[in-house]
Amino acid sequence: MRATVLVRPKEGILDPQGQAVESSLRQLGFPVGEARIGRVVDLEVEATDAAAALAEVERMCEQLLANPLIESYEIELA
Amino acid sequence: MTVPQPKIGVIRFPGACDDRDALWALAALDADAVFIRHTDTDIGGVDAVVLPGGFSYGDYLRCGALARFAPAMEAVAGFAAEGGLVLGICNGFQILCEAGLLPGVLRRNESLSFVCRDVPLVVDRVDTPFTSRCSPGQTLTIPVKHGEGNWFADDDLYAELEARRQIVLRYAEPVNGSRNDVAGVVNEHGNVMGLMPHPEHAVDPLLGSADGALILSSLVEAARERVLTPA
């Protein structure tokens, strides 16, 4: 089963990378609002069903893929 | 009676670059400084441990996030849990935060630029094993060199840390966007400290400042006391 994990800076957490990209996009003439930068992790998970895979990937996020102090995550299964 | 030399272990992670400077500085300050490999599961009866600066595991994922899985880090966590003295410098600080041995997290500098210069630091606490040689409120000059030194804790955590007096060092001027200019923190029991500045690069006036020796010699002294009066 394939899982995609989206890790984002939590709301309210300063994201200087996003700010730098936002200002660069504006300089290029794109009138964008706030830009935020996260990370994508694609995984192949061995699990019997979707619920088990989800639980497994959640544990991965809590233990390693995201730092809960500053990042939130979303998991998509395919 | 001869004064014993405390044994201080410097952990070498792949990608560390300040391990030799840390070893040299500790030896110059009269410690029996030894390297410990990241693959060692036994840290071999040391009186204190230093996690040096560098870019362990290429800073992949997040700085320090992967080093905590090194076999030696399990031994360090056990050593710290028993009250052992642990000092993390720069990447070592990032590793200790990711390992949950210190509070907070080090993020990308607010400016997004790598910062490499001498910075003034104010000592908030002198009653720790890492700052006993400093005077209260003293300003130290010690270099920083990092891209991810922007320490962060949310409001609740920060209030707890202030209440428990876990903030030990602060920058006297803005350096990297760190919350309330925090440069160094201790754990709740005061036996683990992390700081972004590099005391091992400031142990001789020839290097521009010898203020880093105050931090490292505090550690050597505290480790020596543990040799004389084991817990």
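Residues numbered from 1 in each chain as written. Chains lettered and ligands numbered in written order. Predicted model: local features only at pLDDT ≥ 70, side-chain atom pairs only at ≥ 80, totals over all residues.

1. What about the overall build of chain A?
Looking only at helices and strands, chain A features two helices and three strands. If you list the helices and strands of chain A from N to C, you get β-α-β-α-β. Relative to the globule expectation of 12 Å for 78 residues, the C-alpha radius of gyration of chain A, 16 Å, shows a markedly less compact shape. With the C-alpha coordinates of chain A rotated into their principal frame, the extents come out at 50 × 25 × 15 Å. Across chain A, the fraction of contacts at a sequence separation of at least 24, relative to all contacts at a separation of at least 6, is 63%. (Helix = DSSP H or I, 4+ residues; strand = E, 2+ residues; numbered from the N terminus. Rg over C-alpha atoms; globule rule 2.2 N^0.38 Å. Contact = placed C-beta atoms within 7 Å.)

2. Re the nonpolar core
Membership of the largest hydrophobic core comes to 80 residues, with the highest contact counts inside it found for Leu-26, Val-49, Val-50, Val-76, Leu-96, Leu-216 and Leu-219 of chain B. Of the residues forming this core, the biggest block, eight residues, is contributed by helix H5 (residues 212–228) of chain B. If we ignore the near neighbours within four places in the chain, the residues touching Leu-96 of chain B are Leu-51, Gly-88, Leu-101, Leu-102, Val-192 and Gly-194 of chain B. Within the second largest apolar cluster, seven residues are counted, among which are Ala-3, Leu-65, Tyr-73 and Ile-75 of chain A. (Core = buried A, V, L, I, M, F, W, Y, C linked by C-beta atoms within 7 Å. Buried ≥ 20, exposed ≤ 12 C-beta atoms within 10 Å, placed from the backbone.)

3. Remarks on the sheet that holds strand S1 (residues 2–9) of chain A
All names here are of chain A. Read from one edge of the open sheet, three strands run S2-S1-S3, paired in antiparallel fashion. Two strands in the sheet have a free side with no partner beyond their single neighbour: strand S2 (39–44) and strand S3 (71–77). In this sheet, adjacent strand axes meet at a mean angle of 20° when their direction is disregarded. Two elements, S1 and S3, share seven bridges in a ladder whose sense is antiparallel. Within S3, the residue paired with Pro-9 across the bridge is Glu-71. In the packing of helix H2 (residues 50–65) onto the sheet, the strands contacted are S1, S2 and S3, and the crossing angle to S3 comes to about 155°. (Pairing = 2+ DSSP bridges. Axes fitted to C-alpha atoms, helices over the stretch in contact; angles between N-to-C directions.)

4. A few points about helix H1 (residues 19–28) of chain B
All names here are of chain B. Considered for burial, the residues of H1 that qualify are Asp-19, Ala-22, Leu-23, Ala-25 and Leu-26. Relative to the axis of H1, the buried residues are bounded by an arc of 165° and lie together on one face. Buried positions along H1 lie against strand S1 (7–12), strand S2 (32–37), strand S3 (48–51), strand S4 (85–89) and H5. Phi for Asp-30, located one or two positions after H1, is positive at around 75°. (Arc of directions from axis to C-beta.)

5. Quick look at the confidence of the model for chain B
Mean pLDDT over chain B stands at 95; residues scoring 70 or higher make up 99%. Quick note on the complex model: pTM equals 0.92, ipTM equals 0.81. (pLDDT = per-residue confidence, 0-100.)

6. Quick word on the interface of chain A and chain B
Listed as interface residues are eight residues of chain A and, on the opposing side, nine residues of chain B. For the side of chain A that touches chain B, the leading source of residues is helix H1 (residues 16–27) of chain A, giving three residues. The class makeup of the residues in the side of chain A that touches chain B is six nonpolar, two polar and no charged. (Nonpolar A, V, L, I, M, F, W, Y, C, P; charged D, E, K, R; others polar.)

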